[in-house]
Every structure is written in structure tokens, then in C-alpha cells.
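Next come the chains, spelled out residue by residue.
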Amino acid sequence: GAGTENFVVYYIYVLLFYVIFILFLNTLTPKFYVALTGTSSLISGLILIFEWWYFRKYGTSFIEQVSVSHLRPLLGGVESSSATGLFTSINGETEPRPSVSECKVWRNPLNLFRGAEYNRYTWVTGKEPLTYYDMNLSAQDHQTFFTGDTPQLRPEDAVMQKAWRERNPQARIRAAYQALEMNQESVFFLSTIILNAVLMSCAAAYVLLAEEEATTITEAERLFRKALSIGKPLLRPTPSQQESGSEHLDINLLVYIKRRLAMCARKLGRVKEAVKMMRDLMKEFPLLGMLNIHENLLEALLELQAYADVQAVLAKYDDISLPKSATICYTSALLKARAVSDKFSPEAASRRGLSSAEMNAVEAIHRAVEFNPHVPKYLLEMKSLILPPEHILKRGDSEAVAYAFFHLQHWKRAEGALNLLHCTWEGTFRLIPYPLEKGHLFYPYPGCTETADRELLPSFHEVSVYPKKELPFFILFTAGLCSFTAMLAMLTHQFPELMGVFAKAFFSTLFAPLGFFADKMESFMPSSFWHQLTRI
């Protein structure tokens with residue numbers, strides 16, 4: 001029947017393979033084994049180097065990523081999308097887990113000035129502190145805040161929109177000057193409505209020059225004051241402006257200018273003036289809390305050592321219904337640590353136990369570390385600081401860099417605060433053994449932070465990863481394979497005859513079941529099988 005014929009064909013294939021292998025094995029020389037093992041070691045070594053580079057750059061294994069992305073669908077595998085990942089438990093209550101909002105990129109409230117600070121760093125070190133991704137986000141912010149989607153776009157507005165999109169700083173500066181010239185030529189022939197648009201365009205051009213061209217904070221402040229004097233009439237919008245919605249764009253521009261003026265005053269040492277400007281800005285525009293002006297105010301108050309005022313600001317913004325940040329959590333921890341840190345001793349605390357005030361300080365530190373576990377390494381100077389990016393990812397390394405850059409001095413000023421942090425911060429991880437699955441006071445730590453931080457932070461900075469990732473299986477596998485084949489190549493080169501005997505014995509043992517199967521099949525076959533086979 002057909003089954004018997006298939007069986008005979010399979011038997012013939014197996015027998016022929018076994019015969020060819022035995023003949024091939026007997027003709028191999030030691031040089032072949034040296035070449036084989038050496039080539040295998042070289043290939044596995046190259047794979048190991050590539051896998052290690054890919055893991056250091058992207059935080060994952062290339063082979064695993066390819067297998068999950070391409071091979072799993074071919075094999076019929078489907079990623080789990082059950083509801084278990086959509087909900088999380090916080091203090092015993094089940095709540096929906098925010099996956100997308102946790103990984104949202106935010107504007108850095110204390111971002112530096114490009115011309116006066118970022119560019120000076122580039123001139124000195126030759127390194128670019130900002131990534132193209134970060135600068136592109138800033139360009140989008142500026143277009144949204146200062147130009148908007150007006151239906152009738154004047155040539156000056158088109159020039160400014162192009163200026164925000166330009167990658168080259170000199171091209172942006174030239175475009176700003178071009179917009180100023182075009183506005184000055186047409187300012188005497190315009191109606192009131194269009195005049196406001198011209199003023200807005202002029203103010204935006206001066207903002208760009210203050211950010212990009214000014215090489216000192218004093219020069220940047222002068223240009224921002226000029227932009228403010230031009231934009232003051234925009235605070236009294238006409239009815240047509242209110243109907244068209246351009247009033248909102250004017251407010252965005254003026255809030256930005258006043259905020260940057262307050263930051264200039266802070267950087268130039270006029271801290272009390274900066275605090276007053278920030279308070280007035282928050283009082284005048286209370287609905288613009290999304291800009292996080294209170295974080296600028298907290299830093300300035302800490303510089304004045306006005307800790308009672310800092311506590312008052314925290315009482316308003318450190319609320320369970322409001323989004324948290326590293327500034328909120330770590331400033332709260334600093335205030336509580338400052339109250340006990342000057343007399344804190346780990347030896348004394350281990351003997352007598354923690355007092356209630358010390359316990360409150362330790363709990364505040366644990367809360368802050370759970371929110372952003374990257375900050376302590378920068379505060380304790382276990383990692384070197386870099387200039388903060390213009391955008392940050394909450395709970396990520398970019399936020400930690402931005403916070404520590406401005407607040408490290410305040411922790412150093414509080415006697416013993418860093419010592420208390422050093423003794424207690426690692427205890428947080430005992431409370432959250434599985435941070436990606438379940439948090440203690442906050443939602444589980446988002447797994448997307450590493451990828452976003454690598455886009456926001458420059459390539460020369462080693463991104464902090466939490467929780468610490470173990471080496472992928474394929475890196476360990478290729479490392480073992482490379483080492484094993486390299487050892488075989490060396491032994492074969494040194495002891496060719498002995499390794500040849502060993503290789504033949506190994507392969508003979510490996511294929512012994514195949515020979516046993518062939519012998520059994522031959523015993524079952526009739527004696528005239530080969531004669532019939534030749535006739536077929």
C-alpha cells in the first residue's frame with residue numbers, strides 16, 4: 001500500500017544519511033575541526049558584540065525583539081491583553097491603571113536658556129546637550145503657544161512659524177529679524193485688529209531672540225522686557241479677538257514672557273523680585289496650573305530659605321487629587337528631613353528606634369523614592385549631573401536630572417539631610433519588590449520611561465534604568481557559545497590528534513541511536529530487500 005511505500009522511502013533516506021555521515025566523519029582532518037570551531041567562535045563573538053551594543057543602546061535584546069515582533073505572529077502567538085494589566089491595587093483599592101498618561105512628556109518648568117546656557121556648554125565642551133527630539137517638541141510648543149492655527153496667515157506669521165521649525169539656530173535668528181523688519185514696514189498702515197496681530201508677531205520674534213541669540217542672562221532679560229512692552233496692549237483684547245480665540249494665544253505669549261523674566265531675575269540673584277513676579281503670575285492666571293509655575297516658586301523660596309512659605313505652597317499643590325512631580329515629593333521630604341537630620345545618627349536610631357518625627361521623614365523619603373527612584377543617585381552624587389533637557393518624563397531619569405540640577409544645593413544646605421537620605425532611600429525597594437506590577441503609594445512604575453528618556457537625554461549620558469534589567473538570555477547564550485567554541489578551537493590546534501579522536505567519539509555517540517535504528521530496521525527487512533530495492 002501507500003503507507004508501506006512511504007515507510008520504505010523514509011528508511012532509504014535515513015540509511016543513506018547515516019552512510020554519508022560515517023564516510024564524511026572518517027575523512028575529516030584535525031585542520032577541519034580547527035577551522036570549524038574557530039569560525040563558530042568568530043561568528044558567535046560578532047553576534048555577542050552586536051547584542052551587547054544593542055542592549056546598551058535600546059535596553060533590549062535584538063534577537064528577542066525580532067522573535068517577538070516577527071516570529072511569534074507566524075507561530076500563532078498572541079500577546080496577552082487580559083484585563084489584569086488594566087487595573088492595579090493601591091492600598092487595597094482597585095483602580096484603573098493609567099498607561100498612556102504616565103508616559104506623557106512634559107515641558108520642563110525650569111528649562112534653561114539656549115543662547116545663554118545651552119550654547120555656552122556646547123562652546124566649552126563641544127557636546128550637544130539637547131537632542132533633536134527634545135528641540136522638536138519645543139518647536140511644536142512654541143508654534144502652539146505663539147502662532148496657533150489662524151485662518152488668515154500673514155507673511156510675518158509664516159516667517160515666524162518657519163523660524164520655530166528651523167533646526168539651525170542661525171536660521172531661526174535670521175527669520176526672527178526678517179519678521180521684525182516686515183512688521184515695522186507695515187505697522188503704520190494697519191487697523192486695530194491687525195495691529196494686535198503685528199504686535200504679537202513682534203513680541204514672539206523678540207522671545208526667539210532672547211532664547212536663541214542672547215549670550216548672557218542680562219541680555220536675554222533686556223529682550224524679554226522689550227517683548228513685554230510690545231505685548232502689553234494685548235492684555236486688553238478687542239471683541240473680535242475674543243470671538244476669534246486669538247486672545248488665548250496672546251495670554252500664552254504674555255505668561256511665557258513674564259515667567260521667563262521671573263527666571264531671569266532668579267538667575268541674576270534678585271530672588272525676592274522673582275518670587276513676587278511668580279506669585280503675581282499665579283494670582284493673575286490661576287487657570288494655567290498646567291504650566292507648573294509653582295515649581296519655579298518652590299525653588300526660589302528654597303533659595304530664600306523661606307521654609308514656612310514652601311510648606312504653604314506644598315499644602316496647596318501636594319494634594320491627592322493633583323498630579324505629582326519629583327519637585328513636590330522631594331521638597332516635602334526635604335522639609336521633613338530638615339527637621340530631624342541635624343541630630344540624626346543611624347547608630348543611635350538602631351539602638352533606640354525612630355522617633356515619630358524621624359519616622360515621618362523616612363516615610364516621606366520612601367514616598368519620594370517610590371515616585372522617582374532615579375533622584376537619590378544624583379543628590380548623593382553617585383552619578384554625574386548634566387544640563388537638564390527642555391522636556392521631562394515624570395518618574396523618569398530626565399525628571400531626576402532636572403530636579404537634582406536645581407535642588408542639590410538646597411539639600412546640601414540642610415545639615416544632615418543627605419546623610420538621612422543616604423541611610424534610608426534604599427529601604428523603599430523592600431516595600432515594592434515588584435515595582436512594575438504593584439506600587440505602594442503610587443501606581444506601578446511605568447515600563448516606558450527608559451525608551452522616552454533615551455530620546456530626551458543626550459547620547460553621552462548613561463540613562464538610569466529602573467528596575468535594573470537582567471542580561472537577556474541570548475547575550476548569555478552567545479557569550480557561552482563563543483567561549484566554548486574558542487576553547488575547542490584552541491584545544492584542537494594544540495592537540496589535533498587527541499581532539500580528532502574525541503570529535504569522532506562524540507559524533508559516533510551522538511548518532512548511535514540512528515545506527516541502532518538502522519540495524520533494527522535491517523533485521524526486520526527480508527534478506528532479498530536490497531535486491532528488490534535495486535530492481536525498484
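Residues numbered from 1 in each chain as written. Predicted model: local features only at pLDDT ≥ 70, side-chain atom pairs only at ≥ 80, totals over all residues. Heavy atoms only, no water.

Digging into the overall build of the protein
Then comes step 1: The helix and strand tally for the protein stands at 26 helices and four strands.
Then comes step 2: Going through the 536 residues of the protein one by one, you find that 44% of them count as buried.
Then comes step 3: Residue pairs in contact within the protein that sit at least 24 positions apart in sequence constitute 73% of those at least 6 positions apart.
Then comes step 4: Element-wise, carbon and sulfur atoms account for 61% of the exposed surface of the protein, whose accessible area totals about 29500 Å². (Helix = DSSP H or I, 4+ residues; strand = E, 2+ residues; numbered from the N terminus. Buried < 20%, exposed > 50% of the residue type's maximum accessible area, 1.4 Å probe, protein only. Contact = heavy atoms within 4.5 Å. Areas by Shrake-Rupley, 256 points an atom, 1.4 Å probe, with all protein chains shown as cover.)

Observations concerning helix α5 (residues 132-146)
Then comes step 1: Across its 15 residues, α5 extends 21 Å between first and last C-alpha, which sits within 8% of the 21 Å expected from 1.5 Å per residue.
Then comes step 2: Along α5, the residues classified as buried are Asp134, Met135, Leu137, Ser138, Ala139, His142, Gln143 and Phe146. (Expected span 1.5 Å × (residues − 1).)

Quick word on the packing of helix α13 (residues 293-303) against helix α19 (residues 397-413)
Then comes step 1: Relative to each other, α13 and α19 sit at 35°, their axes nearing to 10 Å. Note on packing geometry: the crossing formed by α13 with α19 is left-handed. Note on element contacts: α19 touches α13 through Phe406, His407, Gln409, His410 and Arg413, opposite Glu299, Leu302 and Glu303.
Then comes step 2: Of the residues contributing to the contact of α13 with α19, the split by class is two nonpolar, three polar and three charged. (Axes fitted to C-alpha atoms, helices over the stretch in contact; angles between N-to-C directions. Left-handed = near helix turned anticlockwise from the far one by under 90°. Nonpolar A, V, L, I, M, F, W, Y, C, P; charged D, E, K, R; others polar.)

Observations concerning the confidence of the model for the protein
The predicted structure's coordinates, where accompanied by low pLDDT, should not be read in detail.
Then comes step 1: On average, residues of the protein carry a pLDDT of 77, and 71% of them reach 70 or more.
Then comes step 2: Here residues 77-102 is modelled with pLDDT under 50, and outside its nearest four sequence neighbours on either side it reaches 41 contacts, counting other chains as well.
Then comes step 3: Confidence drops under pLDDT 50 across residues 237-246; counting only partners more than four residues distant or on other chains, this segment forms 11 contacts. (pLDDT = per-residue confidence, 0-100.)

Quick notes on the environment of Phe224
Then comes step 1: Here Phe224 is to be found in helix α9 (residues 217-231).
Then comes step 2: Spatially, the C-alpha atom of Phe224 lies 6.7 Å from that of Tyr206, the residues being 18 residues apart in sequence.
Then comes step 3: Residues within four places of Phe224 in sequence aside, it is in contact with Phe113, Val207, Ala210, Glu211, Tyr256, Ile257, Arg260, Leu261 and Cys264.

Examining the pattern of salt bridges
Then comes step 1: In total, this model carries 19 salt bridges according to the counting rule given.
Then comes step 2: In this structure, Glu303 and Arg266 form a salt bridge, with 3.4 Å as the shortest nitrogen-oxygen distance. One end of the pair, Glu303, is in helix α13; the other, Arg266, is in helix α11 (residues 246-267), with 37 residues separating them in the sequence.
Then comes step 3: Residue classification places Arg266 among the buried positions, given a relative accessible area of 16%.
Then comes step 4: Note that Arg454 and Glu450 form a salt bridge whose closest N and O atoms lie 2.6 Å from each other. One end of the pair is Arg454 and the other is Glu450, both in helix α22 (residues 449-456) and four residues apart, which spans about a single turn.
Then comes step 5: When its relative accessible area of 25% is taken as the criterion, Arg454 is described as partly exposed.
Then comes step 6: Classification of Glu450 by relative accessible area gives buried; the value is 8%. (Salt bridge = Lys/Arg side-chain N within 4 Å of Asp/Glu carboxyl O.)

Things to note about the packing of aromatic side chains
Then comes step 1: Evaluation of the coordinates by the stated rule reveals seven aromatic pairs.
Then comes step 2: Taken together, Trp425, Phe429, Tyr445 and Tyr466 form an aromatic cluster joined through their ring pairs.
Then comes step 3: When the ring centre of Phe460 is taken as reference, the NZ or CZ atom of Lys127 above it lies at 4.9 Å.
Then comes step 4: Above the face of the Tyr307 ring, Arg338 is positioned so that its terminal group lies 3.9 Å from the ring centre. (Phe/Tyr/Trp six-rings, centres within 6.5 Å; stacked < 30°, edge-to-face > 60°. Lys NZ or Arg CZ within 6 Å of the ring centre and 35° of its normal.)

A look at the environment of Tyr445
Then comes step 1: With respect to the element layout, Tyr445 can be found in the loop between α21 (428-431) and α22.
Then comes step 2: Tyr445 sits in the buried class, given a relative accessible area of 2%.
Then comes step 3: Taking the C-alpha atoms as reference points, Tyr445 and Pro467, separated by 22 residues in sequence, lie 8.8 Å from one another.

Quick look at the packing of α13 against helix α14 (residues 307-317)
When two helices pack together, you describe them by how their axes are tilted relative to each other and by the distance separating the axes.
Then comes step 1: As a packed pair, α13 and α14 sit with axes 8 Å apart at the nearest point and diverge in direction by 160°. In this view, α13 runs roughly antiparallel relative to α14, as classed from their interaxial angle. In terms of crossing hand, the pair formed by α13 and α14 is left-handed. Every residue of α14 that contacts α13 at His294, Leu297, Leu298, Leu301 and Leu302 is listed here: Tyr307, Asp309, Val310, Val313, Leu314 and Tyr317.
Then comes step 2: Across the contact of α13 with α14, the residue classes tally to nine nonpolar, one polar and one charged. (Parallel < 35°, antiparallel > 145°, perpendicular 65-115°, else oblique.)

Structural notes on the side chain of Ser138
Then comes step 1: For Ser138, the position within the fold is in helix α5.
Then comes step 2: Under the relative-accessibility criterion, Ser138 is labelled buried at 0%.

A look at the nonpolar core
Then comes step 1: Tyr330, Leu379, Trp411 and Leu421 are the most contacted members of the largest nonpolar core, which has 60 residues in total.
Then comes step 2: Among the elements that make up this core, the one with the highest residue count is helix α15 (residues 326-338) (eight residues).
Then comes step 3: Sequence-distant contacts of Leu421, defined by excluding residues within four places in its chain, comprise Ile365, Pro376, Leu379, Leu380 and Trp411.
Then comes step 4: Counting 35 residues, the second-largest nonpolar core is a separate cluster that includes Leu180, Leu209, Leu223 and Leu228. (Core = buried A, V, L, I, M, F, W, Y, C linked by side-chain atoms within 4.5 Å.)

Some thoughts on the side chain of Arg260
Then comes step 1: Take Arg260: it is sitting in helix α11.
Then comes step 2: Judged by relative accessible area, Arg260 falls into the buried class, the value being 2%.
Then comes step 3: Each residue touching Arg260, except ones within four places of it in the same chain, is listed here: Asn111, Leu112, Phe113, Glu211 and Phe224.

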